Amino acid sequence: MSGNEAASPAPPVMPKSSRLIAALAIIAMVSGLLVAMTFQVTAPRIALNKQRALEKAIFSVLPDASVHANFSAKDGALEPLPADAFAEANLFAGYDEEGRLVGIATEGSARGYQDVVRILYAYSPESECIVGITVLQSSETPGIGDQVESDPAFLQNFDCLDAKLDAEKSRLAHEIVTVKNGKKTQPWEIDGISGATITSVAIGAALNQSAQSMLPLVQANRDLLAAKEGADQ
Amino acid sequence: MSQDPRAPAELSWETLTQGVWKENPVFVMLLGLCPVLAVTNTASNALAMGLATTFVLLCSGVLVSLLRKLIPKQVRIACYIIIIATFVTITDYAIQAISLDIYKALGAFIQLIVVNCVILGRAEAYASKNKVANAFVNALGMGIGFTLALLCLGIVREVFGFGTLFGIDLFGPNFQPWAVFALPPGGFFVLAFWLFLFAYVRQRRNPSKEEEHAA
């Protein structure tokens, strides 16, 4: 470029760099103002949408529940959170109309075929079973991997998937594993979908990993969970 | 066309229809193909993406046209990108506020509107040289053209790939979805089909002009 410029007739007059900087700065500032204003206006609405989406997921895995309470499970301790702190919560307790604990819902995630698959699953402390799952986020292949969300035979695995704790109540008695389609023999095994093996295995891995750490905590704190404190109406 | 393309154009019906037919951003200029292929697996995704892009096109077109005398030529591309990015961010928040489901379906492609060549192309080739009203009408035409093109793909892919249209079941429970249409290869197949159809119809409508071009 520099070699050609010398030869070209009448090079264009370069305006002062201060003018260029001023123009860019003013445009950037106006942009910043517009974005900040939009953020302020939409932030409460976005938070509400996120809460609704999460509540929908909780009540879909715990269909008997009518209210839920937020808890935070961190570093081996379980703490109740106020009803509006759903964003920090990672464990939700569901209660029926009489205020009895019907189950807890918490998240698990594992690597799938395309990207991380995030699921929400329900656990019944009474029967020590995983009683339902729903997919929160996945980008699995449409028509193949996303069958884990809809395939009735696969979802039947979670009518009561065994998640009993061992004698010390510190971990699962049997690891939750996904087996090949039609090879399920034990109540803690998940019957995979043939053709969608990787996604089925990911669901099993997500459940196992989360259940290993969460469920001992749930069983140790059953009194706290059953008390229905902080449940919102 | 003997007219200098850089001269400000008169506001006419042509200003609007240019983007829909003669210079359709997808079927004629083949711009912005990334969202065209990626988010047209259902008609509603295609519509949402088309409307989002139209909004950004309109707002950035008007603002670029308003500021066309103030933006120094040397930093114009940087200025356009800032303006476009602003409206993309606004759209991003707005869609999250309207529906998280649509937001999830469109994924990263909302943010990627910022690098959609249709918008930068309009800012550089039209809005920066024309009056605000012209820029608005032209951007609207381009937006309509882009949305229609996305819908053309989205409708075909949803009907074959899911057996539905805008989520309404068309064929009943015995329909076996043709999954390839919902997958990325389906996007290429359907785009190829529409490009063929569009080029064929254009040539049939004015064969003499095409020959002139060839000569």
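So, how was this worked out
- Just so you know, the residues in each chain are numbered from 1, in the order the chain's sequence is written.
- Each chain gets a letter, beginning with A, and each ligand a number, beginning with 1, in the order they are written.
- Under the rules for a predicted model, residues below a pLDDT of 70 receive no local features and side-chain atom pairs below 80 are neither given nor counted, while totals for whole chains, interfaces and linings still include all residues.
- The way it works is that DSSP assigns letters per residue, a run of H or I at least four long becomes a helix, a run of E at least two long becomes a strand, and they are numbered from the N terminus.
- Values of the radius of gyration come from C-alpha atoms, whereas the globule rule sets the reference at 2.2 Å times the count of residues to the power 0.38.
- Counting other C-beta atoms within 10 Å of its own, a residue is labelled buried from 20 upward, exposed at 12 or fewer, and partly exposed in the gap between, with every C-beta atom placed from the backbone.
- Contact criterion: two residues are in contact if their C-beta atoms, reconstructed from the backbone, are within 7 Å.
- Strand pairing is assigned whenever DSSP detects at least two bridges linking the two strands.
- Every axis in this analysis is a line fitted to C-alpha atoms, fitted for helices over the stretch in contact. Angles between the N-to-C directions lie between 0 and 180 degrees.
- Expected span of a helix, by definition, is 1.5 Å for each gap between consecutive residues, and there is one gap fewer than residues.
- For a crossing to be left-handed, the near helix must be turned anticlockwise from the far one by less than a right angle; the clockwise case is right-handed.
- Classification used: nonpolar for Ala, Val, Leu, Ile, Met, Phe, Trp, Tyr, Cys and Pro, charged for Asp, Glu, Lys and Arg, polar for all others including Gly.
- Note on terminology: a nonpolar core is any set of buried Ala, Val, Leu, Ile, Met, Phe, Trp, Tyr and Cys residues joined through C-beta atoms within 7 Å.
- pLDDT gives the predictor's per-residue confidence on a scale running from 0 to 100.
- In this description, one arc is meant: the one made by directions from the helix axis to the C-beta atoms.

Trainee: Which residues make up the overall build of chain A, and what values do they have?
Mentor: For chain A, the helix and strand inventory stands at 5 helices and 9 strands. Helices and strands appear in chain A in the N-to-C order α-α-β-β-β-β-β-β-α-β-β-β-α-α. In terms of C-alpha radius of gyration, chain A reaches 26 Å, well past the compact-globule figure of 17 Å for 233 residues. Counting only residues that meet the buried cut, chain A has 30% of its 233 residues in that class. Counted over contacts in chain A with a minimum sequence separation of 6, partners at least 24 positions apart contribute 58%.

Trainee: Outline the overall build of chain B, supporting the account with residue identities and numerical values.
Mentor: Within chain B one finds 9 helices and 2 strands. What you see in chain B, going N to C, is helices and strands ordered as α-α-α-α-α-α-α-β-β-α-α. In terms of overall size, chain B behaves like a compact globule, its C-alpha atoms giving a radius of gyration of 19 Å where 215 residues would be expected to give roughly 17 Å. Counting only residues that meet the buried cut, chain B has 40% of its 215 residues in that class. By sequence separation, contacts in chain B at least 24 residues apart represent 76% of the contacts at least 6 residues apart.

Trainee: Give me the sheet that holds strand 3 (residues 91-95) of chain A: which residues, what numbers.
Mentor: Hydrogen bonds along the backbone pair up the strands of a sheet, which may run parallel or antiparallel. Residues and elements named next belong to chain A. Judged by pairing direction, the sheet is antiparallel, and its 7 strands sit side by side in the order 2-1-3-4-5-6-7 without closing on themselves. Each edge of the open sheet is held by one strand with a lone partner, namely strand 2 (77-81) and strand 7 (161-162). Against the sheet, helix 2 (residues 17-61) makes contact with strand 1 (67-74), strand 3, strand 4 (101-111), strand 5 (116-124) and strand 6 (129-137), and its axis sits at roughly 150° relative to strand 6, the strand it touches most. Together, strand 1, strand 2, strand 3, strand 4, strand 5 and strand 6 form the strand contacts of helix 4 (residues 197-220), whose direction differs from that of strand 4 by roughly 130°.

Trainee: I'd love a proper account of helix 7 (residues 132-162) of chain B, names of residues and values included.
Mentor: An ideal rise of 1.5 Å per residue puts 45 Å on 31 residues; helix 7 of chain B measures up with 42 Å between its terminal C-alpha atoms. Just past helix 7 of chain B, the residue B:Gly163 takes up positive phi, approximately 70°.

Trainee: Describe in detail the packing of helix 3 (residues 43-66) of chain B against helix 4 (residues 76-98) of chain B, supporting the description with residues and values.
Mentor: All names here are of chain B. Running from N to C, helix 3 and helix 4 point in directions that differ by 145°, and their axes come no closer than 9 Å. As helix 3 runs across helix 4, the sense of the crossing is right-handed. Contacts between helix 3 and helix 4 involve Ala 52, Phe 55, Val 56, Cys 59, Ser 60, Leu 63 and Val 64 on the former and, on the latter, Tyr 80, Ile 83, Ile 84, Phe 87, Val 88, Thr 91 and Ile 95. Of the residues in the contact of helix 3 with helix 4, the class split is 12 nonpolar, 2 polar and no charged.

Trainee: Just give me the short version of the nonpolar core, but keep the residues and values in it.
Mentor: Counting residues in each nonpolar core, the largest one holds 51 residues, and the members touching the most others are B:Val56, B:Ile83, B:Ala149 and B:Leu153. By size, the runner-up hydrophobic cluster in this structure holds 45 residues, among which are A:Phe154, A:Trp188, A:Ala196 and A:Val218.

Trainee: Mind laying out the confidence of the model for chain A, listing which residues take part and the relevant values?
Mentor: All names here are of chain A. Across chain A, the average pLDDT comes to 82, with 91% of residues at 70 or higher. The spread of mean pLDDT over the elements of chain A runs between helix 1 (residues 2-7), the lowest at 48, and helix 2, the highest at 90. With pLDDT under 50 throughout, residues 1-6 is counted as low confidence; its partners more than four residues away or in other chains account for 1 contact.

Trainee: Please provide a residue-by-residue account of helix 6 (residues 117-125) of chain B, values included.
Mentor: Residues and elements named next belong to chain B. The set of residues buried in helix 6 consists of Val 118, Ile 119, Arg 122 and Ala 123. All buried residues of helix 6 lie within an arc of 130° about the axis, which places them on one face of the element. Lining the buried residues of helix 6 we find helix 3, helix 4 and helix 7.

Trainee: I'd like a rundown of the pairing of strand 1 of chain A, residues and numbers included.
Mentor: Residue and element names in this part refer to chain A. Across 5 bridges, the pairing between strand 1 and strand 3 is antiparallel. Its bridge partner lying in strand 3, Val 67 is registered against Tyr 95. The pairing of strand 1 with strand 2 spans 5 bridges and is antiparallel. Across the sheet, residue Ser 72 finds its bridge partner in strand 2, namely Glu 79. A loop of 2 residues connects strand 1 with strand 2, the two strands running antiparallel in sequence, and Asp 75 in this loop sits at a positive phi of about 50°.

Trainee: Could you give an account of unusual backbone geometry, naming the residues involved and the relevant values?
Mentor: All names here are of chain B. Of note, Leu 30 is a non-glycine position whose phi angle comes to about 55°, a positive value. Inspection of the secondary structure puts Leu 30 in the loop between helix 1 (13-22) and helix 2 (33-38). Despite not being glycine, Phe 166 has its phi angle at roughly 50°, a positive value. Turning to its location among the elements, Phe 166 is positioned in the loop between strand 1 (164-165) and strand 2 (168-169).

Trainee: Can you tell me about the pairing of strand 5 of chain A, naming the residues and giving the values?
Mentor: All names here are of chain A. Alignment of strand 4 against strand 5, held across 8 bridges, turns out to be antiparallel. By the bridge assignment for strand 5, Gly 108 is matched with Ile 119. If you look at the hairpin formed by strand 4 and strand 5, you'll find 4 residues sitting between the two strands. Pairing of strand 5 with strand 6 involves 7 bridges; the strand directions are antiparallel. If you follow Arg 118 over to strand 6, its bridge partner there is Gln 137. Connecting strand 5 to the antiparallel partner strand 6 that follows it, the hairpin turn spans 4 residues, and Glu 128 within it adopts a positive phi of roughly 50°.

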